Amino acid sequence: QVQLVESGGGLVQAGDSLRLSCVVSGLTFSWCTMGWFRQAPGKERDFVAAITRSGDETRYADSVKGRFTISRDNAKNTVFLQLDSLKPEDTTVYYCAAHHGLQLGVVPSAYDYWGQGTLVTVSS
């Protein structure tokens, strides 16, 4: 059974940092391209970041470029999202996703497996 479990969300002030984690089971993690998305109530799920199987290439949404960093530890079956310089507009639920292709997809339909999400709230 495939499972992706996010953690690390919480309530922080503007300018603070968080590190989100997503632990993957039921998949050969090192064969998976991984991504992070975020979705607020009533809005579409938006791309945040993606990383290749080996971690040697990444892709970011313009809105987070320079502030967020995606990374992975294949020995621990875990992908991370480091969120720095957080802004109130970053407040929403963050989801991790996986697929077996090579492309760093920027739309939800590119991914086959999803976690349940972790909530990030940034106060001003």
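Here goes a summary of the coordinates provided.

How each quantity is defined
- Numbers given for residues are sequential positions, taken from 1 along each chain in its written order.
- For a predicted model such as this one, the threshold for reporting local features is a pLDDT of at least 70, and the threshold for listing and counting side-chain atom pairs is 80 or more; totals across whole chains, interfaces and linings nevertheless cover every residue.
- Note that the side-chain values use all heavy atoms of the structure and ignore hydrogens as well as water.
- A pairing counts as a salt bridge when a side-chain nitrogen of Lys or Arg comes within 4 Å of a carboxyl oxygen of Asp or Glu.
- Only runs of H or I of at least four residues qualify as helices and only runs of E of at least two qualify as strands under DSSP, and these elements are numbered from the N terminus.
- Under the scheme applied here, a residue whose accessible area is under 20% of the maximum for its type counts as buried, over 50% as exposed, and between as partly exposed, the area being computed with a 1.4 Å probe on protein chains only.
- Nonpolar core, defined: a set of buried Ala, Val, Leu, Ile, Met, Phe, Trp, Tyr and Cys residues in which side-chain atoms within 4.5 Å join the residues together.
- Two strands qualify as a pair provided DSSP detects at least 2 bridges between them.
- Simply put, an axis is a line fit to the C-alpha atoms, just over the touching stretch for a helix, and the angle between two N-to-C directions goes from 0 to 180 degrees.

We now examine the pattern of salt bridges. Two side chains of opposite charge can pair, provided their charged atoms sit close to one another. Scanning the entire structure with this criterion turns up three salt bridges. Close ionic contact of Arg38 with Asp90 constitutes a salt bridge, the shortest N to O distance being 3.0 Å. Note that Arg38 is positioned in strand E4 (residues 33–39) and Asp90 in the loop between strand E8 (78–83) and strand E9 (92–99), a separation of 52 residues in sequence. The pair Arg38 / Asp90 is uniform in exposure class, with both members buried. Ionic pairing is found between Asp90 and Arg67, a salt bridge with its closest N-O pair at 2.7 Å. You can see Asp90 sitting in the loop between E8 and E9 and its partner Arg67 sitting in the loop between strand E6 (58–60) and strand E7 (68–73), a full 23 residues away along the chain. The same class applies to Asp90 as to Arg67, namely buried.

Now for the nonpolar core. Of all hydrophobic cores here, the largest spans 34 residues; its most connected members are Met34, Trp36, Val79, Leu81 and Tyr94. Listing elements by their share of this core, those giving two or more residues are strand E3 (18–25), E4, strand E5 (46–51), E7, E8, E9 and strand E11 (118–123).

Time to look at the pairing of E7. Every second residue of E7 is oriented toward a common face, the buried set being Phe68, Ile70 and Arg72 and the non-buried set Thr69, Ser71 and Asp73. Both E7 and E8 contribute to a ladder of six bridges, which runs antiparallel. Bridge pairing in E8 links Ile70 to Leu81. Connecting the antiparallel pair E7 and E8 is a turn made up of four residues, with Asn77 showing a positive phi of about 50°.

Moving on, we come to the sheet that holds E8. Strand order in the open sheet formed by four strands is E1-E3-E8-E7, with antiparallel pairing between adjacent strands. Two strands in the sheet have a free side with no partner beyond their single neighbour: strand E1 (3–7) and E7. With direction set aside, neighbouring strand axes in the sheet form an average angle of 15°. Relative to E3, E1 runs antiparallel, the two sharing five bridges. Paired with Glu6 across the strands is Cys22, a residue of E3.

With respect to burial, E4 is a largely interior element, six of its seven residues being buried. In this sheet, E9 lies alongside E4 in antiparallel orientation, the contact comprising seven bridges. When the sheet's bridge partners are listed, Trp36 is paired in E9 with Cys96. Sheet analysis places E4 next to E5, joined by five bridges and oriented antiparallel.

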